[in-house]
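Structure at a glance
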Amino acid sequence: MNKNKKVLIIAAVVLLVIAAVLLIVDRNRQPQTEQGAKTISVAVIMDGETTRELTIHTDAEFLRGALEQENLIEGTESEYGLYVTTVDGIAADDAKRQWWCFNDGEGNMLNSGVDTTPIADGDAFQIVLSTY
């Protein structure tokens, strides 16, 4: 075997190893879900005041499933998942530049949508009618 073929084979093997490592890292970055029964709390907040507090018992693994189970949210499907337009029967008003913001229990905005936010027993969430 000549030297060029050896170099190409070694380069191909190195690329395959790099691709495998990147795949493993990507899978580990995916949100981990918790199966089985869990209880979460959800507060709906409008005009700075909590208008409704719920305790939800669910087997859902993601926030969307738990909220839909309670018929709490409605929206439109997008390439990124459900875009929530209505919470507890109240629609965000586009003319007023309103939107529903989803936070953790401490008020920090979630970095994922309702479709990809995993839930665990004891989690707390806030759904806040916001203006931008």
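In the block above lies the structure referred to throughout.
Owing to the predicted nature of the structure, the values given are computational and were not obtained by experimental measurement.

With respect to the secondary-structure elements, Val42 resides in strand 1 (residues 38–46). For the pair Val42 and Asp104, spaced 62 residues apart in the sequence, the C-alpha separation amounts to 9.3 Å. When residues no more than four places from it in sequence are discounted, the contact partners of Val42 are Arg52, Glu53, Leu54, Ile56, Leu67, Leu72, Phe125 and Ile127.

Sheet architecture is open: four strands sit in the order 2-1-7-6, paired in mixed fashion. One side of each edge strand has no neighbouring strand; the edge strands of this open sheet are strand 2 (49–58) and strand 6 (98–104). Taking the axes of each pair of neighbouring strands and ignoring which way they run, one obtains an average angle of 20 degrees across the sheet. Bridge count between strand 1 and strand 2: nine bridges; the pairing is antiparallel. Within strand 2, the residue paired with Ile45 across the bridge is Thr50.

Together, Ile9, Val13, Val17, Val21 and Val25 make up a nonpolar patch on the protein surface, roughly 410 Å² of accessible area in all. Inspection of the secondary structure puts Val17 in helix 1 (residues 3–29). The exposure class of Val17 is partly exposed, given its relative accessible area of 48%.

In spatial order, the strands read 3-4-5; together these three strands make up an open sheet with antiparallel pairing. With partners counted over all chains shown, the strands left at the sheet margins are strand 3 (73–78) and strand 5 (90–91), one partner each. Examined bridge by bridge, strand 3 and strand 4 (residues 81–87) share six bridges and lie antiparallel to one another. Counterpart to Ser78 in the pairing with strand 4 is Gly81.

Across all of its chains, the model carries four salt bridges by this definition. Notably, a salt bridge pairs Glu77 with Arg64, separated by 2.4 Å at the nearest N-O pair. Taken together, the residues span a long stretch of sequence, with Glu77 in strand 3 and Arg64 in helix 2 (residues 63–69) at a distance of 13 residues. Of the residues examined, Arg64 reaches a relative accessible area of 16% and is grouped as buried. Linked by salt bridges that have partners in common, Arg64, Glu68, Glu77 and Asp115 make up one network.

Let us look at the environment of Ala95. Position of Ala95 among the secondary structure elements: in the loop between strand 5 and strand 6. Classification of Ala95 as exposed rests on a relative accessible area of 72%. Once the C-alpha coordinates of Ala95 and Asn71 are considered, the two residues, 24 residues apart in sequence, prove to be 25 Å apart.

About the criteria used
Residues numbered from 1 in each chain as written. Predicted model: local features only at pLDDT ≥ 70, side-chain atom pairs only at ≥ 80, totals over all residues. Heavy atoms only, no water. Helix = DSSP H or I, 4+ residues; strand = E, 2+ residues; numbered from the N terminus. Contact = heavy atoms within 4.5 Å. Pairing = 2+ DSSP bridges. Axes fitted to C-alpha atoms, helices over the stretch in contact; angles between N-to-C directions. Patch = residues over 30% accessible without salt bridge, like charges linked within 9 Å, V, L, I, M, F, W, Y side chains within 5 Å. Areas by Shrake-Rupley, 256 points an atom, 1.4 Å probe, with all protein chains shown as cover. Salt bridge = Lys/Arg side-chain N within 4 Å of Asp/Glu carboxyl O. Buried < 20%, exposed > 50% of the residue type's maximum accessible area, 1.4 Å probe, protein only.

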